[in-house]
Amino acid sequence: AIERTFSIVKPDAVAKNVIGQIYARFESAGLKIVASKMVHLSKEKAEGFYAEHKERPFFNDLVAFMTSGPVMVQVLEGENAIKANREIMGATNPAEAARGTLRADFANSIDENAVHGSDAPESAAREISYFFSDEEICARTR
Ligand code: CMP
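Reading guide: rules and limits
Residues numbered from 1 in each chain as written. Predicted model: local features only at pLDDT ≥ 70, side-chain atom pairs only at ≥ 80, totals over all residues. Heavy atoms only, no water. UniProt positions renumbered as here; feature names shortened; annotations may be inferred. Near = heavy atom within 4 Å. Polar contact = N/O pair within 3.5 Å; in protein donor to acceptor, adjacent residues only side chain to side chain. Areas by Shrake-Rupley, 256 points an atom, 1.4 Å probe, with all protein chains shown as cover. 1 Å grid on protein atoms, 1.4 Å probe; cavity = no way out; pocket = protein on both sides within 12 Å on 5 of 7 lines; lining within 4 Å. Sits in = over half its atoms within 2 Å of the grid points. Nonpolar A, V, L, I, M, F, W, Y, C, P; charged D, E, K, R; others polar. Helix = DSSP H or I, 4+ residues; strand = E, 2+ residues; numbered from the N terminus. Buried < 20%, exposed > 50% of the residue type's maximum accessible area, 1.4 Å probe, protein only. Contact = heavy atoms within 4.5 Å. Arc of directions from axis to C-beta.

- Per an unreviewed UniProt entry, the protein carries the name Nucleoside diphosphate kinase and comes from Aliikangiella coralliicola.
- Taken verbatim from the UniProt record of the protein, the Function (unreviewed entry) comment is "Major role in the synthesis of nucleoside triphosphates other than ATP. The ATP gamma phosphate is transferred to the NDP beta phosphate via a ping-pong mechanism, using a phosphorylated active-site intermediate."
- According to UniProt, the comment filed for the protein under the heading Subunit (unreviewed entry) is "Homotetramer."

Right, dumping it as structure tokens:
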């Protein structure tokens, strides 16, 4: 089925100047960018986004990293977009990420791992609406 998923190009990848290379991977895999913007997250915005990780030991470092510089946030649309994007990204820990995946090619560590992608339909819907209004998401009919 055609799905939408939410994606972030994290501050490490923006700083490496590889936004375009990452977008090219999405497009080559058949995923369409239907919404996109650059934002510098506030502490509150980052904490809210990662609320499910609040009790994890890495939470404070995660929020500090995600607010350390601008990110690109985007909505990707395509056949099985959620799973397709997770395959493009590779494992959370770049040391375990398969060759040719975004994390293998662009991530430094599990903390600075280049990209985020929704893990399920429910989180995709929540994450998309956390950053984008309906009007900001464009139908791609051609
Ligand atoms: P992300 O998909 O953005 O969701 C939470 C982030 O926490 C994750 O990517 C990692 O970058 C970061 N993180 C740091 N340590 C861990 C860990 N032990 N397990 C999962 N995520 C971690």
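1. Here we look at the site of the ligand
Phase 1: Neighbouring the ligand are Lys-10, Tyr-50, His-53, Arg-56, Phe-58, Leu-62, Thr-92, Arg-103, Ile-110, Asp-111, Asn-113 and His-116.
Phase 2: Here an oxygen atom of the ligand and a side-chain polar atom of Lys-10 are 2.7 Å apart.
Phase 3: Between the ligand and His-116, the relevant distance is 3.0 Å, taken from an oxygen atom to a side-chain nitrogen or oxygen of the residue.
Phase 4: Burial of the ligand by the protein amounts to 79% of the accessible area it has alone, namely 460 Å².
Phase 5: When each cavity is represented as a set of grid points, the ligand is found to reside in the largest pocket.
Phase 6: Of the residues assigned to the shell around the ligand, the class counts are four nonpolar, four polar and four charged.

2. Quick notes on the side chain of Asn-85
Phase 1: Summarising the element assignment, Asn-85 is placed in helix H5 (residues 81–89).
Phase 2: For Asn-85, a relative accessible area of 0% corresponds to the buried category.
Phase 3: With near-sequence residues (within four places) excluded, Asn-85 lies in contact with Thr-5, Phe-6, Ser-7, Phe-26, Leu-31, Leu-76, His-116 and Gly-117.

3. Some details on the UniProt feature "domain: Nucleoside diphosphate kinase-like" (unreviewed entry) in the protein
Phase 1: Under the present numbering, the feature "domain: Nucleoside diphosphate kinase-like" (unreviewed entry) in UniProt falls on residues 2–139.
Phase 2: As annotated, residues 2–139 has a helix share of 40% and a strand share of 20%, and its two end C-alpha atoms lie 12 Å apart.

4. Describing helix H4 (residues 59–66)
Phase 1: For H4, the full list of buried residues reads Phe-59, Leu-62, Val-63, Phe-65 and Met-66. Along the axis of H4, the buried positions cluster into a sector of 160°, meaning they face one direction only. Exposed residues on H4 whose side chains face more than 90 degrees from its buried face are Asn-60 and Asp-61.

5. Section: the UniProt feature "binding site: ATP" (unreviewed entry) in the protein
Phase 1: Under the present numbering, the feature "binding site: ATP" (unreviewed entry) in UniProt falls on Lys-10, Phe-58, Arg-86, Thr-92, Arg-103 and Asn-113. Annotated residues from the preceding list that form part of the lining of the largest pocket: these are Lys-10, Phe-58, Arg-86, Thr-92, Arg-103 and Asn-113.
Phase 2: You can see Lys-10 is positioned in the loop between strand E1 (2–9) and helix H1 (11–15).
Phase 3: In this structure, Lys-10 is in contact with Tyr-50, Phe-65, Met-66, Val-71, Asn-113, Ala-114, Val-115 and His-116, ignoring residues within four places of it in sequence.
Phase 4: Positionally, Phe-58 belongs in the loop between helix H3 (43–49) and H4.
Phase 5: Residue Phe-58 is classed as partly exposed on the basis of its relative accessible area of 30%.

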